[in-house]
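Fold and geometry: a report
Here is what each chain is made of, one letter per residue.
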Amino acid sequence: MYARMVIGEANSESQVEEFARIYTSEVLPELTREPGFASARLMIEEDGRMAVSLTLWKTRDECIKYHCSRAYRQFVAKTQHLLVGDFVVKLFKDCGGVSGNAG
């Protein structure tokens, strides 16, 4: 399993909200159709302008293929004007963990 973390800072709180709207309404449905996709989360800084997208992929190759895909380039094109600078993208290999139940 591989995790891909994308971090960006919006120009304002309203623009980070617009970024989140685009991500949830347009990007998430597309991700579910990508080969090797396992899950995704978008996290927005509370009372701030930072956004973090965390996607999990079955293999490194599938993760890299998405990063180089037309779908990802379209997402960047739709949201780049909302951000200060460029996205920071990092890839991580899963080395083990545990999940808990919310309760």
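Residues numbered from 1 in each chain as written. Predicted model: local features only at pLDDT ≥ 70, side-chain atom pairs only at ≥ 80, totals over all residues. Heavy atoms only, no water.

This next bit is on the pattern of salt bridges. The full count for this structure, using the stated rule, is 4 salt bridges. Linking K78 and E26 is a salt bridge whose minimum nitrogen-to-oxygen distance equals 2.6 Å. Separated by 52 residues along the polypeptide, K78 in helix 3 (residues 70–79) and E26 in helix 1 (residues 13–31) bring together distant segments of the chain. Since its relative accessible area comes to 40%, K78 is described here as partly exposed. Measuring nitrogen to oxygen at the nearest pair gives 2.8 Å for the salt bridge that ties E30 to R33. Taking relative accessible area as the criterion, R33 reaches 57% and is therefore assigned exposed. (Salt bridge = Lys/Arg side-chain N within 4 Å of Asp/Glu carboxyl O. Helix = DSSP H or I, 4+ residues; strand = E, 2+ residues; numbered from the N terminus. Buried < 20%, exposed > 50% of the residue type's maximum accessible area, 1.4 Å probe, protein only.)

A positive phi angle, close to 55 degrees, is found at D47, a residue other than glycine. By the element assignment, D47 lies in the loop between strand 2 (37–44) and strand 3 (50–57).

For helix 3, every residue scored as buried is listed here: Y72, F75 and T79. Along the long axis of helix 3, the arc covered by the buried residues comes to 55 degrees, so they all point the same way. Exposed side chains of helix 3 directed beyond 90 degrees from the buried face belong to R70 and A77. In the core, the buried residues of helix 3 are packed alongside strand 1 (2–9), helix 1, helix 2 (60–67) and strand 4 (88–93). (Arc of directions from axis to C-beta. Contact = heavy atoms within 4.5 Å.)

Moving on: the sheet that holds strand 2. The 4 strands lie next to each other as 2-3-1-4, forming an open sheet whose pairing is antiparallel. Looking at which strands have only one partner, the edges of the open sheet turn out to be strand 2 and strand 4. Taken pair by pair, the neighbouring strands of this sheet meet at an average axis angle of 15 degrees, ignoring direction. Pairing analysis gives 8 bridges linking strand 1 to strand 3, with the strands arranged antiparallel. Bridge assignment links I7 to a residue of strand 3, and that residue is V52. Packed onto the sheet, helix 1 meets strand 2 and strand 3 and runs at close to 175 degrees relative to strand 2. (Pairing = 2+ DSSP bridges. Axes fitted to C-alpha atoms, helices over the stretch in contact; angles between N-to-C directions.)

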